[in-house]
Each structure stands twice: as structure tokens, then as C-alpha cells.
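Overview (structure and organization)
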Amino acid sequence: MPSSSTPQRRPPPSIPKAYAATLLLGVAMSPFVISTQGSLSSFFPPSSFFLRRSLSFNDIEKYSTLQDVNDVDKSIEARAKAEASDDKCNNMFLYLPDLQKFADHGHGSQINTYIIAVLAGAYLDRNVLLVEPPNDRSTYAGASQFGCPVDAFEEIHMKSPSSSDSWQIKENFPGGFSRLIDHPTWSSGGCPMPCADTYSYNDWVRVALSPTAMNAPITCKESNGRTVNVIATGGGGLRKYFRSKTGDRDQFVSSERWAKKLGATSDEARIFSTLSGNVMWDYAMGLMIKAGFLRLQPWIARDVEMFIKSFDLYQRIGPKNEVYDSIHVRRGDKLIMEALSEVQMYWRFKGHSDTANLPTNYIPFAHYLSQFKKAECPVDEQGEVTERIKRIVFVATDDPVVVKEEIANLPNHIDERTILWNDCHEMSFYFNPTDDSAFHLNGDGEEGFKDGSDDNCFKRYHRNIASVADMMILAKSRTFVGEYNSNWGRLLRTMRVRLDDSPILQDDSGNSSGGNKIFGD
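Read on for an overview of the structure. For clarity, every value in this text was computed on a predicted model and none was experimentally measured.

Within the structure shown, the criterion is met by four cavities of 30 Å³ or more. Empty space within the largest cavity amounts to approximately 60 Å³. Arg 330, Arg 331, Leu 335, Ala 339, Val 343, Tyr 362, Ile 363, Tyr 368, Glu 483 and Asn 485 are the residues that line the largest cavity. Looking at the lining of the largest cavity residue by residue, the classes come out as six nonpolar, one polar and three charged. Counted as a void, the second largest cavity has a volume near 40 Å³. Considering the residues around the second largest cavity, the lining is formed by Leu 66, Ile 111, Leu 180, Ile 181, Leu 294, Leu 296, Val 468 and Met 471. Residue classes in the lining of the second largest cavity are distributed as eight nonpolar, no polar and no charged.

So, in C-alpha cells, the structure goes:
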């Protein structure tokens, strides 16, 4: 990082570029780090700036997205609402999140598939709507896989002594995936459900399950005679379509029209039209994040705020406005299949070739810490560290008991929660305070609770809030270490992409005037 007695400006690049600095560690496709410090020379010089990005918790608005509210251009959504018209609703893309048991997946998988729906709909120049099952068709108590906030119920139940089993969900209260996400108008066009007089939810399910759903749109007529061209799909068909076009040869072609459907300015659309491959996808995600595409429903934002303010992490850094780092350790059911080859590869690298007798069936927590290098600290002529870096580290994991044991067994403890790592980093670890033993939205995994434990929409909602809180803290940390074999890791990598289109003013401490504070203004 540059250092001088006066603030320095990084000249703006010749064109805006998307950035999400990513570095793989020793095991391919195992833990990776996403830092707000540059580490990809193709995006920007590695010493060019240090962007401070972190949590800011003054009101619900700042809990409504996984990005900082300052990253969102609110004029995009406002303009879309002002320009919404049924006359612009002739080409529609309907995504059915509940179809093909995708609602049984975790947060990461469901949100990643939703991202594909928004991208694909925009690519096809269509307005995207979420089509949720009616309450009486939902397979979940409370009509959503994300559980029941108190807002979901008729007010009479708040005063009634009756059992919660008989409580009724408000008729028009969002269900399904829409209970979590407030879908933006810039994607939906503000359009109503097409042909509501002639097509029911069951009809759209039938259309979406057709093998040719993505390639053979259907047409239907509104009551006023207007013809609507519609593509309907669920998560399975959508992913199949996406993979077929992004296999050995990426068939998605950038265009100004596609970019503008994602909220781009004319200049951004022109730049986007020149891109291809991974840079194109990063830029597309940067546009979506700038438009504020992943907005949480207000009851989610409210309850996440209340929950996060119970964290000892909040008590530690909230009053002082300090930045923090984060690590995501995904084990659980991922160790059975997705992460198995990575675990075996790690231990082979460590000299353990007998896959049936590995020291552990997971990659140790110390490997995640290996990303924090001694070279980051200043040293004297003898190579001794002259000044340590103090780091507050939030750890999100589905294996907290074991991870805490691993931390306890690390050398060089300063106190119960703090260690000295690589003679450089004083790392103090913090965890989600929940004492739950189940961390998947659906219980122990996509199949629910292995022991047949009873579940209800209140317990599910608690798991939902706990997970979203973790996700928000991870997304807004200064440095994030995670894994590509986790849907969370892939989602958080996506959520940390930004368009690099303005100079960053930094002071001697490395803090950016364009960055965000953790707690408060």
C-alpha cells in the first residue's frame, strides 16, 4: 500500500472494471480468499489501494442487503418503478423457485439459482417474475421454506391463546422464496403475472417442466387481447440451460441491451459489450450489485439486525467502528461428496496417501489461516516483525465445536480467543452465538433431520435468520476466506464484486474515504 503524509488518489482506470480479488490457496478449489486489497494485476496494481468495506448498522436499511447501501444506485430502481407499464410486459421470464425440490436446498444454492434466473432473463430481454405456489400448495408449514416471521400471521393470533398450529398466514403475505427476497422492479418491469385469468400455478408448473421450456416459449392472451410471450422454468431446467451455454465454449455474448436490462448506464453498457468470458460475468454481477438486486424483505432485515446486535462481535467492534476479517468453514454433508476430493488432495499434499486412514475427514482450520502471511508485517534487517497486525476474525461454520477445539489447540495463544499467527497477526476469533446443532436451512441437510426430529416454521425461521446474519457479516468483511466447493463460498465471491469506476482516497492508515464503516456513521 502507498504510504505518505498526505492522502493519495489512485487515478481512475481508463474504463470501469469489475473487481473481486481472488486467490486460491495450496489445494486447488479449496479455501480461497477475497480481500479488498488488490491481488489480481489484471484488474489493478496490487499496491494501488486498500478499500475499506464493512458493516454499518444504524437502521434496517443497512441490513437490507448483503452489500453496503452506498454500493447501490437507488435511482435505478426508482426509475424502473416510474417507467413501469403493462405495455412493456409482452416478453416474460417466469422463475418457479419451489419446483423440483429446489426449495429444499440451502440459502447459497437457492440464491445462486435466483441469480442465474435474473441474468438469463435479462440476457433474453425479458422481464423476470418469481412464481410462488399458493399457500395451500406449499409443502412447508407457513407456506415458505424460510419460515415464519411474526408479520406473516393475522393479527388476531397475536392476541389469541390458540395453538400456533392453527394460526393462519395472511392471504397476501409473500411465500416461498419471496419471503426472503424482495425482487426488484428493474428486473420484473413491475409486470403483473401474465394471463392470470387463464393460467393457474399448476399450468405454469406444467410449462416449466417441459423439456423444451427454455427454448420454446409459449404465448397466451390477456383479457384485453394483448399477447404475451412467456418462458417458464424451475431451477433444474434453468441450470441445465445455463450449463449448456457455458460449457467448453461460452455461448453467452455480451451486448449493450443485456447490460441495460441489468441497470447499466450507456457508458457501462458500451464497455460491457466489449467483454467476454469471466470478465464479462464479473462485470454483469457488478452491474446487478450496483442496481441492488439482492434486497432482503423488511422483516428479514429487522430480525437480522436484532440478532447481529446480540453478537459479542458487535459488542467488540460496534462502538469503535473497527474493520474485521471473516472465514467460512463448510463441512457437514459437503464432506460426503463435493469436498471429498479436496480433502483427499490436501492430505496427499501432506504425505498421507491412504485415503481410508486420513488424520481427519476435513481440511484443518489452520489451512484457512495460512492465507495470512508473515510478509504482511514490517520487519527489521534481521527479518523480525517490528509491528503486529491485530485482526478481529469472524468464523462462520456448520462445525463450531470442532473448529473451536482446533483454535484452542493452536500454538501461541495470547488469551482464550486470541492467537499470534506467523509472528505477525494477532487474531481474535468470534462466532455466531447460536447454540443450534442444525445449521442447514432444512435441518441436517436437504433431506431434513436425520433423526426425524419435529420441525416447524418458527424453528425454520430462526435457522434462516441465523444463516442470513452469518452471510451478511461474511459479505461485508474486509477480507473473506472461503471455499469454491460451497454454494456460500461461490455466492459470497459474487457478492463482493464491484465496478471499479471511481478514484479511492486513502489516508496514511490505509483507510479509504470511499469505504464504509462497520457499525454506525
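The subject of this paragraph is the sheet that holds strand β6 (residues 127–130). What links the strands of a sheet is backbone hydrogen bonding, and the strands pair in either a parallel or an antiparallel sense. Across the sheet, four strands lie side by side as β6-β5-β8-β7; this open sheet has mixed pairing. Since the sheet does not close on itself, it has two edges, and those belong to β6 and β7 (218–221), each with one partner. Each strand of the sheet is rotated relative to its neighbour by a mean of 35°, with strand direction disregarded. Examined bridge by bridge, strand β5 (residues 91–96) and β6 share four bridges and lie parallel to one another. Within β6, the residue paired with Met 92 across the bridge is Asn 127. Of the strands in this sheet, β5, β7 and β8 (227–234) touch helix α5 (residues 201–208), which is tilted by about 70° from β8. Lying on the sheet, helix α6 (residues 235–245) is in contact with β5 and β8; it crosses β8 at an angle near 90°.

Glancing now at the pairing of strand β10 (residues 389–397). Counted residue by residue, β10 has seven buried out of nine residues, so it is predominantly covered. In the sheet, strand β9 (residues 325–329) pairs with β10 via five bridges, with the strands oriented parallel. Across the sheet, the residue bridging to Ser 326 is Phe 394, located in β10. With seven bridges connecting them, β10 and strand β12 (residues 425–431) associate as parallel partners. Paired with Lys 390 across the two strands is Glu 426, which belongs to β12.

What follows deals with helix α9 (residues 277–291). The terminal C-alpha atoms of α9, which comprises 15 residues, lie 22 Å apart, in line with the 21 Å expected from a rise of 1.5 Å per residue. When you tally the buried positions in α9, you get twelve out of 15 residues, the bulk of the element. Of the residues making up α9, those classed as buried are Met 280, Trp 281, Asp 282, Tyr 283, Ala 284, Met 285, Gly 286, Leu 287, Met 288, Ile 289, Lys 290 and Ala 291. After α9 finishes, the residue Gly 292 shows a positive phi value of roughly 75°.

Conventions we followed
- Residues numbered from 1 in each chain as written.
- Predicted model: local features only at pLDDT ≥ 70, side-chain atom pairs only at ≥ 80, totals over all residues.
- Heavy atoms only, no water.
- 1 Å grid on protein atoms, 1.4 Å probe; cavity = no way out; pocket = protein on both sides within 12 Å on 5 of 7 lines; lining within 4 Å.
- Points joined across faces, edges and corners; volume = space filled by probe spheres on them.
- Nonpolar A, V, L, I, M, F, W, Y, C, P; charged D, E, K, R; others polar.
- Pairing = 2+ DSSP bridges.
- Helix = DSSP H or I, 4+ residues; strand = E, 2+ residues; numbered from the N terminus.
- Axes fitted to C-alpha atoms, helices over the stretch in contact; angles between N-to-C directions.
- Contact = heavy atoms within 4.5 Å.
- Buried < 20%, exposed > 50% of the residue type's maximum accessible area, 1.4 Å probe, protein only.
- Expected span 1.5 Å × (residues − 1).

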